[in-house]
Amino acid sequence: MNFIDMMEAQAKYNKTKFGELDSDDRKREISKDLALNAYNSINKMIKKMRVDNGLPHEDDLIFSSIDVLRYVMSMLNLWDISPEEVSTAFLLKDIFLDIDHKTNSKKWEGQPVAIVDIDDVLAEFRQPFSDFLKQEYKVEADVESPQYFFVEEILNADEGLNPEKVFESFVNDNQFRHLPVIEGAKEFLSNLRSQGYWIQLLTARPKKDLKIFYDTYYWLGATGLCFDRVDFSPEKLRWCMNSEYYDSGAITFAVDDSPKHALEYAKHGICVKVPIKSYNKSINHENIQFYSKIGDAIGV
């Protein structure tokens, strides 16, 4: 029996046991009971392992695991999560675990550090987002607009669209998995590595949004970009100040397109390489150096 067959078998049992469920409140109640039952199944197995000096009986291990699996499948079926969605989520988690293990297995040993943003530094975001707005909402958004998320264009649309909901639809369409790599970005990172830099990717993407979180790792795995660590923070300067790099003065420079982050870095003594964009070209500081092509960022 393959995974799809198992999910279908559990769905059939769900229907027999719970009947037709139209109320989300009822689904939540059942989900709580199923989660508790799954916990109890694991707990019983652990207790037996303790009694038997840590040696699990094979049948206990197998059938307790099946109980847990079926309780989880039952919850997934309650909320109409398909086997295909579960398989995709498993793949995304696998990619994350692989990258997370590889990066966190490496220890920073005092190398000079480059803090590198992702969106519109390594990944094309504005053009794909603009194309998405046109295709899905018939909203014409000029990539040379001084607004990063094209808020005015969205608000002025005839449909009276909500910018946050529009961005959410972009996320839910898994667009972050397929953003093009900016021309020269791979070579830029490779050159940094060859010059002895420790490459810390730091994005302001919301870590709590699991679609964005796992799609970011999918993109990193698919593109094959070289880096040493990756993290998420809307307050990048604060993140840097709390990092192991800051007190030792190891942060040589940052690369970021955001006016907010670039100015905060610059005002606190960090040299910032900034790609010239319509929304950031007015910022000015002695620690800010603009570039047209990312390959020029090291040399500016």
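Residues numbered from 1 in each chain as written. Predicted model: local features only at pLDDT ≥ 70, side-chain atom pairs only at ≥ 80, totals over all residues. Heavy atoms only, no water.

Attention now moves to the packing of helix α1 (residues 3–18) against helix α4 (residues 83–104). It is the contact of α1 with α4, at a shortest axis distance of 10 Å, that shows an interaxial angle of 130°. Classified by the angle their axes make, α1 and α4 are oblique. By crossing handedness, the relation of α1 to α4 is classed as right-handed. On the side of α1, the interface is formed by Phe3, Ile4 and Met7, while α4 contributes Pro83, Glu84, Val86 and Ser87. (Axes fitted to C-alpha atoms, helices over the stretch in contact; angles between N-to-C directions. Helix = DSSP H or I, 4+ residues; strand = E, 2+ residues; numbered from the N terminus. Parallel < 35°, antiparallel > 145°, perpendicular 65-115°, else oblique. Left-handed = near helix turned anticlockwise from the far one by under 90°. Contact = heavy atoms within 4.5 Å.)

Here we come to the nonpolar core. Buried together is how nonpolar side chains tend to be arranged in soluble globular proteins. Residues Val116, Leu122, Leu133 and Leu192 are the most contacted members of the largest nonpolar core, which totals 50 residues. The element contributing the most residues to this core is helix α9 (residues 210–223), with six residues. Contact partners of leucine 133, with chain neighbours within four places excluded, come to Lys138, Val139, Ala141, Phe150, Ile154 and Val166. In terms of nonpolar packing, the next biggest core, distinct from the first, is built from 20 residues, Val113, Trp198, Cys240 and Val274 among them. (Core = buried A, V, L, I, M, F, W, Y, C linked by side-chain atoms within 4.5 Å. Buried < 20%, exposed > 50% of the residue type's maximum accessible area, 1.4 Å probe, protein only.)

What follows covers the environment of lysine 208. Inspection of the secondary structure assignment puts lysine 208 in the loop between β2 (198–203) and α9. Sequence separation between lysine 208 and methionine 7 is 201 residues, and the spatial gap between their C-alpha atoms is 28 Å.

The next thing to look at is the pattern of salt bridges. Counted by the stated rule, this structure contains 15 salt bridges. Of the charged contacts in the structure, one is a salt bridge between arginine 26 and glutamate 29, with a shortest N-O distance of 3.4 Å. You can see arginine 26 and its partner glutamate 29 sitting in helix α2 (residues 24–51), three residues apart, about one turn around the helix. Exposure remark for arginine 26: the relative accessible area of 39% places this residue in the partly exposed category. Across the pair lysine 236 and aspartate 256 runs a salt bridge whose closest N-O atoms are separated by 2.6 Å. Taken together, the residues lysine 236 in helix α10 (residues 236–241) and aspartate 256 in the loop between β4 (251–255) and α11 (259–267) connect sequence positions 20 residues apart. (Salt bridge = Lys/Arg side-chain N within 4 Å of Asp/Glu carboxyl O.)

What follows is about the sheet that holds β2. What the six strands build is an open sheet, ordered β3-β2-β1-β4-β5-β6; its pairing is parallel. The sheet is open, and its two borders are formed by β3 (229–232) and β6 (288–291), each paired with just one other strand. Here the average twist between neighbouring strands, direction ignored, is 20°. Bridging between strand β5 (residues 271–275) and β6 involves four bridges; their strand directions are parallel. Paired with proline 275 across the bridge in β6 is tyrosine 291. On top of the sheet, helix α8 (residues 185–194) reaches β1 (113–116), β2 and β4; it is set at about 140° to β2, its chief contact. (Pairing = 2+ DSSP bridges.)

On the surface, Ile62, Phe63, Ile66 and Leu69 cluster together into a nonpolar patch covering about 340 Å² of accessible area. Summarising the element assignment, isoleucine 62 is placed in helix α3 (residues 58–78). Classification of isoleucine 62 as partly exposed rests on a relative accessible area of 40%. (Patch = residues over 30% accessible without salt bridge, like charges linked within 9 Å, V, L, I, M, F, W, Y side chains within 5 Å. Areas by Shrake-Rupley, 256 points an atom, 1.4 Å probe, with all protein chains shown as cover.)

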